[in-house]
Amino acid sequence: MSNGFEVPSSLILRAYPKRIWSGRTINAVDKNPALGWEVPVKGGSLNGVLLKGSAHHSAMLHFYGAGMSVNREIGRLEWLHQYYDMTVGCLDYRGYGATALDWDVEQLVEDGVRAFDALEAAQRVRQSPYADSFRIHLQGFSMGAAVALQVALRRPQAASLTLLAPPASWDGLQAAS
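A brief structural summary. (Residues numbered from 1 in each chain as written. Predicted model: local features only at pLDDT ≥ 70, side-chain atom pairs only at ≥ 80, totals over all residues. Heavy atoms only, no water.)

## Side note on the pairing of strand β4 (residues 44-51)
Item 1. For β4, the buried fraction is high: 7 of the 8 residues fall into the buried class.
Item 2. Pairing geometry for strand β3 (residues 37-41) and β4, over 5 bridges, is antiparallel. Bridge pairing in β4 places Pro-40 opposite Ser-45.
Item 3. Pairing of β4 with strand β6 (residues 87-91) involves 4 bridges; the strand directions are antiparallel. The residue of β6 that forms the bridge with Gly-48 is Leu-91. (Buried < 20%, exposed > 50% of the residue type's maximum accessible area, 1.4 Å probe, protein only. Helix = DSSP H or I, 4+ residues; strand = E, 2+ residues; numbered from the N terminus. Pairing = 2+ DSSP bridges.)

## Considerations on empty space enclosed by the protein
Where empty space is left becomes clear once a probe the size of a water molecule has been rolled over the atoms.
Item 1. For the structure on display, the rule yields 2 cavities of 30 Å³ or more.
Item 2. What the largest cavity holds in volume is close to 80 Å³.
Item 3. Looking at the largest cavity, the residues that line it are Leu-46, Leu-61, His-62, Phe-63, Leu-91, Tyr-93, Arg-94, Leu-108, Asp-111, Gly-112 and Ala-115.
Item 4. Put simply, the parts of the chain that give the lining of the largest cavity at least two residues each are β5 (59-63) and α2 (108-125).
Item 5. The leading source of residues in the lining of the largest cavity is α2, at 4 residues.
Item 6. Classifying every residue of the lining of the largest cavity gives 7 nonpolar, 2 polar and 2 charged.
Item 7. As a volume, the second largest cavity reaches approximately 30 Å³.
Item 8. The element contributing the most residues to the lining of the second largest cavity is α2, with 3 residues.
Item 9. Considered class by class, the residues forming the lining of the second largest cavity number 3 nonpolar, 2 polar and 2 charged. (1 Å grid on protein atoms, 1.4 Å probe; cavity = no way out; pocket = protein on both sides within 12 Å on 5 of 7 lines; lining within 4 Å. Points joined across faces, edges and corners; volume = space filled by probe spheres on them. Nonpolar A, V, L, I, M, F, W, Y, C, P; charged D, E, K, R; others polar.)

## Overview of the packing of α2 against helix α3 (residues 143-154)
Item 1. The N-to-C vectors of α2 and α3 enclose an angle of 65°; their axes lie 9 Å apart at closest approach. Between α2 and α3 the crossing geometry is right-handed. Where α2 approaches α3, its residues Leu-108, Val-109, Gly-112, Val-113 and Phe-116 are matched on the opposing element by Met-143, Val-147, Gln-150, Val-151 and Arg-154.
Item 2. Looking at the contact of α2 with α3 residue by residue, the classes come out as 7 nonpolar, 2 polar and 1 charged. (Axes fitted to C-alpha atoms, helices over the stretch in contact; angles between N-to-C directions. Left-handed = near helix turned anticlockwise from the far one by under 90°. Contact = heavy atoms within 4.5 Å.)

Laid out in C-alpha cells, this is it:
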C-alpha cells in the first residue's frame, strides 16, 4: 500500500453514487457532513470533520484553498478516508464555513499547528499498538498548501507533505488577503 496521495484535484464524489478506483468501491458522499471536530484556538474554536479510520493506519490533515470550506472538500476527504482507511481531518479557517471567528491571515499557521497537535493527540488516545497510527500526513491545496508547508516546518515529525497547486510565495498570499 502506498502512503502517497495521488488524488486529482478535480475529484468530486458528490455527483456519483459510487466510484470505482483501482478495484475499490467508494460509497456516495454526504453533501452536508456533521461537523463534529472542534479545535480550541485563540479567541474561540475551529470547526470541521474528523473521519476516523482504522486504528492501525496513519492520519492525514487537509488544508483547503481560498474560498473553499469543509463542505466543499467533503468529497476529497471521504475519498481519502475510505480508500486508505485512514483518519482524515479538516477544519474550517477563521471566517470560513462553520468557524465563527473573524478572518486573520496571521493566525492561519498558528491555527494549523493547533489542528496538527489536536489530530496527533486524537490518534494517541486510540492507543493503537501500531507505530504507523501516530504518523500525521499533511496535505494542502492552493492557499492551504502554504499553510501545510508552514505547519510542516513547525512540526518536523509530520510523516509527509503533499502540496497541490501551491501559491508562489507566502508573501504573495499575505498580500492577496
